[in-house]
Amino acid sequence: QVLLALAWTMDESRRKFDMYPEIISGDATEKTNSEERPLYFLMGKDNMNKAFAHTWCFMPSNTRWAYTWFFQDAVPTLHPGTACERVKLILTDACQQEFHAIASVIGQGKVFANAYH
């Protein structure tokens, strides 16, 4: 057996996402592990305007199918309930694979690509 991806959250992070799901942003960092897999993470913003991380994933690659799996399967599994449905805006960088995967799963009108890199 081969482990393709690993996604996780923590109790406190999950609680904060349940409380403040309206705006999230996602980004991948490179070269954080010996297998050189991207570490993707989602962040939220609380009522005090402070950022918090709530979901992490060692991705198999920066491909559309991997992002689709993450947003379609991993995030709803890790965050059951209504938090995912209450997301109003997702900010991403200019990664086209990420943007199109999110748009296909969540909806085009909720995704905003910001070239902040």
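Residues numbered from 1 in each chain as written. Predicted model: local features only at pLDDT ≥ 70, side-chain atom pairs only at ≥ 80, totals over all residues. Heavy atoms only, no water.

### As for a nonpolar patch on the surface
- A surface patch of nonpolar side chains, about 360 Å² in accessible area, is lined by Val 2, Leu 4 and Trp 65.
- In this fold, Val 2 is placed in the segment before strand 1 (6–8).
- Classification of Val 2 as exposed rests on a relative accessible area of 69%. (Patch = residues over 30% accessible without salt bridge, like charges linked within 9 Å, V, L, I, M, F, W, Y side chains within 5 Å. Areas by Shrake-Rupley, 256 points an atom, 1.4 Å probe, with all protein chains shown as cover. Salt bridge = Lys/Arg side-chain N within 4 Å of Asp/Glu carboxyl O. Helix = DSSP H or I, 4+ residues; strand = E, 2+ residues; numbered from the N terminus. Buried < 20%, exposed > 50% of the residue type's maximum accessible area, 1.4 Å probe, protein only.)

### Description of the pairing of strand 4 (residues 51–58)
- Across 3 bridges, the pairing between strand 1 and strand 4 is antiparallel. Among the inter-strand pairings, Trp 8 is bridged to a residue of strand 4, identified as Trp 56.
- Inspection of the sheet shows strand 3 (residues 39–45) paired to strand 4 by 7 bridges, in the antiparallel sense. Bridge assignment links Met 43 to a residue of strand 4, and that residue is Ala 53.
- In this structure, the hairpin formed by strand 3 and strand 4 is closed by a connection of 5 residues, where Asn 49 is found at a positive phi of approximately 65°. (Pairing = 2+ DSSP bridges.)

### Considering the side chain of His 79
- Turning to its location among the elements, His 79 is positioned in the loop between helix 2 (64–78) and strand 5 (89–92).
- Accessibility expressed as a relative area gives 1% for His 79, which makes it buried.

### Thoughts on the environment of Pro 76
- Along the chain, Pro 76 falls in helix 2.
- A sequence separation of 45 residues divides Pro 76 from Lys 31, and the C-alpha atoms of the two residues are 27 Å apart.
- The contact partners of Pro 76, leaving out residues within four places of it in the chain, are Phe 70, Phe 71 and Cys 84. (Contact = heavy atoms within 4.5 Å.)

### So, the nonpolar core
- If you look at the biggest cluster of nonpolar residues, it comprises 26 residues, and the most contacted ones within it are Tyr 40, Leu 42, Met 59, Tyr 67 and Phe 70.
- Listing elements by their share of this core, those giving two or more residues are strand 2 (23–29), strand 3, strand 4, helix 2 and helix 3 (96–105).
- The biggest single contributor to this core is helix 2, with 7 residues.
- In this view, Met 59 contacts Leu 4, Arg 37, Pro 38, Tyr 40, Ala 66, Tyr 67 and Phe 70; residues no more than four positions away in its chain are not counted. (Core = buried A, V, L, I, M, F, W, Y, C linked by side-chain atoms within 4.5 Å.)

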